[in-house]
Number of protein chains: 2
Amino acid sequence: MTVPSVEERLGSAADSHRRMWSELLPVGRYDASGGYRRHAWTPADAECRAWFAEQAAARGLAYEVDRNGNQWAWYGDPAGEGAIVTGSHLDSVPDGGAYDGPLGVVSSFAALDALRERGFQPVRPLAITNFVDEEGARFGVACVGSRLTAGVLTRDQAYELRDAAGVRLPDAMEAAGQDPSALGKDTERLSRVAAYVELHVEQGRFLAETPHPVGVASAIWPHGRWRFDFHGEANHAGTTRLQDRRDPMLSYADTVLTAREKAALHGALATFGKVSVEPNGTNAIASLVRGWLDSRAADEATLTALVQEIEAAARERAERDGVRADVVRESYTPVVDFDAPLRDRLAACLGAGTPARRPTTTPAGAPSGHCPILPTGAGHDAGILSAVIPTAMLFVRNPTGVSHSPSEYAGEADCLAGTAALADVLEELVCRP
Amino acid sequence: MTVPSVEERLGSAADSHRRMWSELLPVGRYDASGGYRRHAWTPADAECRAWFAEQAAARGLAYEVDRNGNQWAWYGDPAGEGAIVTGSHLDSVPDGGAYDGPLGVVSSFAALDALRERGFQPVRPLAITNFVDEEGARFGVACVGSRLTAGVLTRDQAYELRDAAGVRLPDAMEAAGQDPSALGKDTERLSRVAAYVELHVEQGRFLAETPHPVGVASAIWPHGRWRFDFHGEANHAGTTRLQDRRDPMLSYADTVLTAREKAALHGALATFGKVSVEPNGTNAIASLVRGWLDSRAADEATLTALVQEIEAAARERAERDGVRADVVRESYTPVVDFDAPLRDRLAACLGAGTPARRPTTTPAGAPSGHCPILPTGAGHDAGILSAVIPTAMLFVRNPTGVSHSPSEYAGEADCLAGTAALADVLEELVCRP
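Residues numbered from 1 in each chain as written. Chains lettered and ligands numbered in written order. Predicted model: local features only at pLDDT ≥ 70, side-chain atom pairs only at ≥ 80, totals over all residues. Heavy atoms only, no water.

*Asks:* What am I meant to see in the interface of chain B and chain A here?
*Replies:* The parts lose accessible area when they come together, and the size of an interface is often stated as this lost area. In this assembly, 60 residues from chain B lie in contact with 60 residues from chain A. Roughly 5,200 Å² of surface becomes buried between chain B and chain A when both sides are summed, with 57% attributable to carbon and sulfur atoms. There are four salt bridges connecting chain B and chain A. Linking arginine 241 of chain A and glutamate 209 of chain B is a salt bridge whose minimum nitrogen-to-oxygen distance equals 3.0 Å. One can count 18 residue pairs in polar contact (both at pLDDT 80 or more) joining chain B with chain A. Those elements that place two or more of their residues in the side of chain B that touches chain A are strand S10 (235–236), helix H9 (248–266), strand S11 (269–278), strand S12 (284–285) and strand S13 (288–296) of chain B. (Contact = heavy atoms within 4.5 Å. Buried area = accessible area lost by both parts, 1.4 Å probe. Salt bridge = Lys/Arg side-chain N within 4 Å of Asp/Glu carboxyl O. Polar contact = N/O pair within 3.5 Å; in protein donor to acceptor, adjacent residues only side chain to side chain. Helix = DSSP H or I, 4+ residues; strand = E, 2+ residues; numbered from the N terminus.)

*Asks:* Just to check I follow, could you spell out the side chain of threonine 302 of chain B for this structure?
*Replies:* The topology assignment puts threonine 302 of chain B in helix H10 (residues 300–321). Sequence-distant contacts of threonine 302 of chain B, defined by excluding residues within four places in its chain, comprise His266 and Ala297 of chain B.

*Asks:* Hey, could you run me through the packing of aromatic side chains in this one?
*Replies:* The description of two aromatic rings rests on the distance between their centres and on the angle between their planes. All names here are of chain A. Under the definition given, this model contains 26 aromatic pairs over all chains. Between the aromatic rings of phenylalanine 131 and tyrosine 196, the centroid separation amounts to 5.5 Å while the plane-to-plane angle is 85°, which identifies the pairing as edge-to-face. Remark: tyrosine 196 occurs in strand S7 (residues 193–201) and phenylalanine 131 occurs in the loop between strand S6 (126–130) and helix H5 (144–150); sequence separation between them is 65 residues. Under the relative-accessibility criterion, phenylalanine 131 is labelled buried at 2%. (Phe/Tyr/Trp six-rings, centres within 6.5 Å; stacked < 30°, edge-to-face > 60°. Buried < 20%, exposed > 50% of the residue type's maximum accessible area, 1.4 Å probe, protein only.)

*Asks:* I keep staring at the packing of H9 of chain B against H10 of chain B and nothing clicks. Help me out?
*Replies:* Between two packed helices, both the angle of their axes relative to each other and the distance between the axes serve to describe the pair. Residues and elements named next belong to chain B. As a packed pair, H9 and H10 sit with axes 9 Å apart at the nearest point and diverge in direction by 155°. As far as their axial angle goes, H10 and H9 are roughly antiparallel. H9 and H10 meet at a crossing whose hand is right-handed. From H9, Leu250, Ser251, Asp254, Thr255, Thr258, Ala259, Lys262, Ala263 and His266 reach across to H10, where they touch Thr302, Ala305, Leu306, Glu309, Ile310, Ala313, Ala314, Arg317, Ala318 and Asp321. When its residues are assigned to classes, the contact of H9 with H10 shows nine nonpolar, five polar and five charged. (Axes fitted to C-alpha atoms, helices over the stretch in contact; angles between N-to-C directions. Parallel < 35°, antiparallel > 145°, perpendicular 65-115°, else oblique. Left-handed = near helix turned anticlockwise from the far one by under 90°. Nonpolar A, V, L, I, M, F, W, Y, C, P; charged D, E, K, R; others polar.)

*Asks:* What should I look at first to understand the sheet that holds S11 of chain B in this one?
*Replies:* Strand pairs in the sheet, formed through backbone hydrogen bonds, run parallel or antiparallel to each other. Residue and element names in this part refer to chain B. With antiparallel pairing, four strands are arranged side by side in an open sheet as S11-S13-S9-S14. The open sheet terminates on both sides in strands that have one partner only, identified here as S11 and strand S14 (324–333). Averaged over all pairs of adjacent strands, the angle between their axes in this sheet comes to 20°, without regard to strand direction. Direction of pairing for strand S9 (residues 223–231) relative to S13: antiparallel, over a ladder of nine bridges. Looking at the pairing, histidine 223 lines up with arginine 296 of S13. Each of S9, S11, S13 and S14 touches H10; the most contacted strand, S9, lies at about 5° to it. (Pairing = 2+ DSSP bridges.)

*Asks:* Whenever I open this one, the domain arrangement of chain A confuses me. Can you help?
*Replies:* Residue and element names in this part refer to chain A. Domain assignment breaks chain A into domain 1 (6–221 + 335–431) and domain 2 (225–332). Placing a centre on the C-alpha atoms of domain 1 and another on those of domain 2 gives a separation of 35 Å. On the domain 2 side, the residues contacting the eight residues of domain 1 number nine residues. At the surface where domain 1 touches domain 2, the tally comes to zero salt bridges. In this assembly, domain 1 and domain 2 are joined by three residue pairs in polar contact (both at pLDDT 80 or more). Counted by class, the side of domain 1 that touches domain 2 contains three nonpolar, three polar and two charged residues. (Domains from an automatic or database assignment.)

What follows is the structure, given as structure tokens:
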């Protein structure tokens, strides 16, 4: 049996994929960094959303925006039961890459094009979505669109969110022409969805060490964010004797290095990527250093133990520095195990592999032609929605593993292989009774 | 012989001192911190300057603003030769204390009041000054007013200075009603000044460990500011394996701790009090961490050796982290040895002590009634002007040593003792032929 090539499986949808990329690439690009700044409800986001609506119109799809601002393009009856939904998001982190989010939306439209060219016979509705504000870059909470829809974030909580300039989320929506008054859980809509499948660029190097361009997700690592506030005493940097200081920068620095060491010991991740200092003057000892710890591990027990160890070390060092350490857990997401029957159906459709929990493990001897199953440390709308409907994810190989950076990249052949895999999976899901 | 008390030496000038404090204390106070935000050419600064002009008018002093925006109040002929000048500054660091600067200006007016009450017979002019923008909090360069006047900062350099909002210094001056067109070296004015004496709250605990409320300055430690840029690679904090990271936060943290250790070994000071991070997102490994090192030592050889050791350690750690370290010296001020004859004349006037180079040394067995002579790590207008005219400084005891902080403090009795000492010193300088 000869396996058809990716280009054969996609037909003219490969060109459709390339055309959509060339349309999206200039939108919201920040010249100084080469990265993207497509934050929710900004003009760059509006341009992305207009592009989505155009793609729906060009294909004759029924287009709608739900109560939470998520965009939907329907092939088949939007009111039908047992719908299969695919898509991702179009917003970005500050100076993010081109692929994180948009690859899933572009691949969804291209996969539909391929299926129509194949003359597929769906027995249920198929929808393509753009979930709003996945990255949370503007209001500080990730996956706002899917969290609201799933009821994980309440309307009242969303109304309290503010951006760095103090603009409230509902006001930002309204300024962008979107009515915020009906924000909230969308049980009725989700009751008509049988499954959500999200294709995403891999944000690590699991697939890069395999011959496979595409893999199926097993789980999302539990992860959280902790704020470490180190309170010291402002003083003159040029005159205060070392022994008279209560310098919180020392406690912070020690905690940064400790977090890295302990993460390595646990085979987990711990990162301080955001800091805020008061008064932040060159000739003033800081009065307050505030650092945010992002930490993730394969299981919740490991994550809890790791963060407890970092916190204990921070408090010990702070005491030695005459500094007060306050630690606040700002967010926490338990482990997400994707729906097992759906995952297995996708893996069977694409060629089965062996589940592996740790992305640091190279899948030893995975036979070529099979489909790897891999976990991820990153949160996604599919992870949020997994609490209320069956969800699954496909990952496309990332040769450098770099993401949330202007240098994020995936090869065109791998992106097209991802689109072909998504088309195969959607055909399996929408054409069987 | 009975030594007259401070209150006896000051007469009604003690009340004048208290009244001026009560007038200045509310100006530019930031309620959230209890500290002051009196940055150059802001409304709070304008209020301080209006207060200075009122003090001059209330005393019938000739008032003028020089080409660089410094304020002058003259007792005697402003065009006369061999003038004795005293004063300080009224601006503050962000959330600074009440005493740093204003204590010198208030004490100067009160000292003049005391001298007039004593019926002093000056043989040369006496001027009180407020040097503009001593702290450099807004435009990043300290002592702008005295640097321009001394010709250490050129007009062209001053025109290039910008604040955080991008406002240029000349535009800020103009917006505050001050003509910037004549900025620059003021040789003619300085040629008529015989000496500048600045009283300042001590910014350390040298005098706090003595029975003396007032001391005379010997020197300003050499000091400088170095910017450490650690360039790594932005990446996803939740998915990037530890071994694949190039995380500049680690290099920065290690450098902070190294700087402290090496400063202790050298008996010197090294502080990282200001940091800037890109992209500064909680779930992104930083691409750039920029930290500013403030370092000072008793002599230039020690300072040079210390900074070289910190820089070498930073580069070594950066290389291990896959990070590039760039180190730029942003400013450097050599050691200032105050004019020896003037210093000795002040010390003789106040009661002689033994010079001590290190503020960390407790002056052993200094006899009560004598005047300690001490160095400082902090820059001052008197230090800048020492390059072109004889200058001297008096320090007033600071019980906690805290400065550049809302909790900076000096006791009223010590402040009045400082004013009495300044009056004695000015009498000595302006009444002798």
